[in-house]
Amino acid sequence: MARAIWTGVVTFGLVNVPVGLYTAVEDHTTHFHQLQRDSSDRIRNQRVNERTGKKVSPDDIVKGYEVSEGQYVIVEQDELDDIAPGRSRTIDISDFVDLNEIEPVYFDRTYYLAPRDKENQKVYELLRAALAETDKAGIATFVMRGKQYLTALRAEDKILVLQTLHWQDEVRDPSKELPKLPSGRAGKGKELDTAVQLIDSLAAPWDPSRYRDTYETKVRELVEAKAEGHEVETAEEAPEPTNVVDLTEALRESLERARGGKRSTSSPKKKQSAGQELDELSKAELYERASEQGIEGRSKMNRKELVDALGKGRGKKSAA
């Protein structure tokens with residue numbers, strides 16, 4: 001069972017709700033150790049004195065703010081704790097805002113809030129139900145690990161979710177930061193209509209289980225393949241940017257493919273040739289089939305070469 005990374009109270013008006021804060025997500029990234037090349041010797045990071053080069057104990061490390069070149073103001077951790085609002089143990093809701101008014105760029109990390117004990121469940125559920133009923137988010141600040149956070153408390157089924165937000169001065173203005181933005185309405189007429197149709201054809205209800213971190217899967221396959229001495233699949237080249245001249249045709253073909261992929265399973269499908277079927281597979285799917293058929297040199301083949309090799313393999317099977 002998960003342990004709370006922070007405990008305190010949520011306050012709204014004169015009501016206090018003791019809660020614990022829990023991480024809502026976990027990292028599934030494959031982590032590597034640093035080794036010296038041509039050896040199995042681990043590399044370690046050490047804290048050393050920049051001037052003397054000698055190691056420094058964690059107890060001898062303090063925080064310093066540079067006020068001028070080479071001149072620092074030393075600040076102790078207990079001094080930071082003393083000035084933290086609410087002694088770092090209060091999530092104080094100051095406003096309730098419409099949830100859909102918060103722009104997505106402001107959302108940062110997600111946490112779960114849980115009541116600390118059974119005695120507090122009624123008040124906790126009251127706040128959760130009220131937020132769900134009004135579709136509001138409670139805007140609050142709190143301090144954790146020496147940093148103050150702006151947060152939004154929102155309701156989900158049976159639980160309260162705390163979303164840390166970026167401060168307004170942390171969010172960049174795209175018109176000032178990005179080198180080039182469209183000066184006017186780029187899409188119009190038939191092109192815009194086709195693009196809208198394409199989006200409608202690819203529309204689907206949100207289901208996070210449909211999506212997978214395919215890169216992370218490939219990293220693990222790479223590690224396993226190298227450990228077992230097998231060939232390693234290389235990735236496809238990135239697609240070329242769409243030429244403006246070919247935009248209408250690219251949209252039309254994309255729409256036809258999207259509609260074709262959503263045909264009803266009950267309607268009869270036009271029989272495809274082996275070559276047509278292979279042409280519609282991704283490179284990863286082609287590589288998987290090549291692996292099943294034991295095609296040599298597949299890891300160095302591009303997509304077209306995989307299609308040709310699989311087609312020849314089918315020809316040999318048919319002849320046999």
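Quick summary incoming for the structure in this document. (Residues numbered from 1 in each chain as written. Predicted model: local features only at pLDDT ≥ 70, side-chain atom pairs only at ≥ 80, totals over all residues. Heavy atoms only, no water.)

### A short note on helix α2 (residues 121–134)
Part 1 of the reasoning: Between its terminal C-alpha atoms α2 stretches 20 Å, which fits the 20 Å expected from 14 residues at 1.5 Å a residue.
Part 2 of the reasoning: Taken as a whole, α2 has its buried residues at Tyr124, Leu127, Arg128 and Leu131. Summarising the axial view, the buried residues of α2 lie within an arc of 95 degrees, below the 170-degree limit, and thus occupy one face. What points out from α2, more than 90 degrees from its buried face, is the exposed set Lys122, Leu126 and Glu133. (Helix = DSSP H or I, 4+ residues; strand = E, 2+ residues; numbered from the N terminus. Expected span 1.5 Å × (residues − 1). Buried < 20%, exposed > 50% of the residue type's maximum accessible area, 1.4 Å probe, protein only. Arc of directions from axis to C-beta.)

### Here's the deal with the side chain of Thr11
Part 1 of the reasoning: As for its position among the elements, Thr11 is in strand β1 (residues 6–12).
Part 2 of the reasoning: Leaving out residues up to four positions away in the same chain, Thr11 has contacts with Asn16, Thr90, Ile91, Asp92 and Ile93. (Contact = heavy atoms within 4.5 Å.)

### Points about unusual backbone geometry
Part 1 of the reasoning: Residue Asp38 is not a glycine yet carries a positive backbone phi of 65 degrees.
Part 2 of the reasoning: Looking at the element boundaries, Asp38 is found in the loop between β2 (15–23) and β3 (63–68).
Part 3 of the reasoning: Its relative accessible area of 79% is what places Asp38 among the exposed residues.
Part 4 of the reasoning: Here the phi dihedral of Lys158 falls at roughly 75 degrees; this positive angle occurs in a residue that is not glycine.
Part 5 of the reasoning: On the accessibility criterion, Lys158 (66% relative accessible area) is exposed.

### Overview of a negative patch on the surface
Part 1 of the reasoning: Among the surface-exposed residues, Glu76, Asp78, Glu79 and Asp81 lie close enough to one another that they form a single negatively charged patch.
Part 2 of the reasoning: Residue position: Asp78 is located in helix α1 (residues 77–83). (Patch = residues over 30% accessible without salt bridge, like charges linked within 9 Å, V, L, I, M, F, W, Y side chains within 5 Å. Areas by Shrake-Rupley, 256 points an atom, 1.4 Å probe, with all protein chains shown as cover. Salt bridge = Lys/Arg side-chain N within 4 Å of Asp/Glu carboxyl O. Lys, Arg positive; Asp, Glu negative; His and termini not counted. Charge placed at Lys NZ, Arg CZ, Asp CG, Glu CD.)

### What to know about the sheet that holds strand β6 (residues 107–115)
Part 1 of the reasoning: Here we have seven strands rolled up into a closed barrel, ordered β1-β2-β6-β9-β8-β7-β5, and mixed in their pairing. Strand after strand, the sheet turns through a mean of 40 degrees between neighbouring axes, direction not considered.
Part 2 of the reasoning: Relative to strand β8 (residues 147–156), strand β7 (residues 136–144) runs antiparallel, the two sharing seven bridges. The residue bridging Phe142 from the neighbouring strand is Tyr149, located in β8. (Pairing = 2+ DSSP bridges. Axes fitted to C-alpha atoms, helices over the stretch in contact; angles between N-to-C directions.)

### Some details on the pairing of β2
Part 1 of the reasoning: Pairing geometry for β1 and β2, over seven bridges, is antiparallel. Each residue of the ladder has a partner; that of Thr7, found in β2, is Gly20.
Part 2 of the reasoning: Turn length for the β1-β2 hairpin, with the two strands adjacent in sequence and antiparallel, is two residues, and the turn residue Gly13 shows positive phi of about 65 degrees.
Part 3 of the reasoning: Inspection of the sheet shows β2 paired to β6 by five bridges, in the antiparallel sense. Bridge pairing in β6 places Tyr22 opposite Tyr112.

### Things to note about a nonpolar patch on the surface
Part 1 of the reasoning: Side chains of Val62, Tyr72 and Ile74 sit close together on the surface and give an oily, nonpolar patch of about 300 Å² of accessible area.
Part 2 of the reasoning: If you trace the backbone, Val62 turns up in the loop between β2 and β3.
Part 3 of the reasoning: Taking the relative accessible area as the measure of exposure, Val62 reaches 44% and is therefore partly exposed.

### Details of the side chain of Arg128
Part 1 of the reasoning: Following the sequence through the fold, Arg128 ends up in helix α2.
Part 2 of the reasoning: Overall, the relative accessible area of 13% leaves Arg128 in the buried class.
Part 3 of the reasoning: Looking at Arg128, its side chain comes within polar contact range of the main-chain oxygen of Glu156, at 3.0 Å.
Part 4 of the reasoning: Residue contacts for Arg128: discarding those within four places in its chain leaves Ala155, Glu156, Asp157, Lys158, Ile159 and Leu160. (Polar contact = N/O pair within 3.5 Å; in protein donor to acceptor, adjacent residues only side chain to side chain.)

### Quick word on the environment of Lys136
Part 1 of the reasoning: With respect to the helices, strands and loops of the structure, Lys136 is situated in strand β7.
Part 2 of the reasoning: For Lys136, a relative accessible area of 27% puts it in the partly exposed group.
Part 3 of the reasoning: A sequence separation of 36 residues divides Lys136 from Asn100, and the C-alpha atoms of the two residues are 8.5 Å apart.
Part 4 of the reasoning: Lys136 has contacts with Phe96, Val97, Asp98, Leu99, Leu131 and Leu153, leaving out every residue within four places of it along the chain.

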